[in-house]
Amino acid sequence: MQNKNVIAVDSDLKTLQDDLTANGYSVVELNDKNVNTAAAIIVSGMEENLMSIQDIQTKVPVINAHGKTNEEIMKDIENRMKKIH
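(A) Quick look at the overall build of the chain. Across its full length, the chain carries three helices and four strands. Listed by position from the N terminus, the elements making up the chain come as β-α-β-α-β-β-α. For the chain, the residues scored as buried account for 38% of the 85 residues in total. Partitioning the contacts of the chain with sequence separation of at least 6, the portion at a separation of at least 24 is 42%. Per element, the accessible surface of the chain, about 5,400 Å² overall, is 45% carbon and sulfur.

So this is what it looks like as structure tokens:
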């Protein structure tokens, strides 16, 4: 079951984790368990095929953070979650 305020974030994105928490999101580590419970997944984009994420079947948005500011990523989260809910 997905929790609309839970975001699974790559451990490399510490400042993003802090910003999301400050904006009312619950941040969890990106791992196999949390992929199925998070409302969105944020990957750093630095590793190719992180956790084989391309192979995971998920209905939640997967956002690549590479080259984006934290503000842009948070806007992406909000926009994509509006489309889902």
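(B) Structural context of the environment of threonine 21. By the secondary structure assignment, threonine 21 is in helix α1 (residues 14–22). Threonine 21 sits in the partly exposed class, given a relative accessible area of 48%. Sequence separation of threonine 21 and valine 6 is 15 residues, and the distance between their C-alpha atoms is 9.7 Å.

(C) Spatial organisation of the pairing of strand β3 (residues 38–43). Most of β3 is tucked away, with six of its six residues classed as buried. Of the strand pairs in this sheet, β3 and strand β4 (residues 62–64) are connected by three bridges, and their pairing is parallel. Bridge pairing in β4 links isoleucine 42 to isoleucine 63.

(D) Expanded view of the confidence of the model for the chain. When the pLDDT values of the chain are averaged, the result is 83; 80% of them are 70 or greater. Per-element confidence in the chain is highest for α1, whose mean pLDDT is 95, and lowest for helix α2 (residues 32–35), whose mean pLDDT is 82.

(E) Focus on α1. The complete set of buried residues in α1 reads Leu16, Gln17 and Leu20. Angularly, the buried residues of α1 cover 105° about the axis, an arc narrow enough to put them on a single face. Across α1 from its buried face, at more than 90 degrees, point the exposed residues Thr15 and Ala22. Phi turns positive, to about 90°, at glycine 24, one or two residues after α1.

(F) Region of the structure containing the nonpolar core. In terms of nonpolar packing, the biggest core is built from 15 residues, with Ile7, Val9, Leu16, Leu20, Ile42, Ile73 and Ile77 touching the most fellow members. Tallying contributions element by element places helix α3 (residues 70–84) first for this core, with four residues. Leave out the neighbours within four places in its chain, and leucine 16 touches Val9, Ile42, Asn70 and Ile73.

The rules behind the values
Residues numbered from 1 in each chain as written. Predicted model: local features only at pLDDT ≥ 70, side-chain atom pairs only at ≥ 80, totals over all residues. Heavy atoms only, no water. Helix = DSSP H or I, 4+ residues; strand = E, 2+ residues; numbered from the N terminus. Buried < 20%, exposed > 50% of the residue type's maximum accessible area, 1.4 Å probe, protein only. Contact = heavy atoms within 4.5 Å. Areas by Shrake-Rupley, 256 points an atom, 1.4 Å probe, with all protein chains shown as cover. Pairing = 2+ DSSP bridges. pLDDT = per-residue confidence, 0-100. Arc of directions from axis to C-beta. Core = buried A, V, L, I, M, F, W, Y, C linked by side-chain atoms within 4.5 Å.

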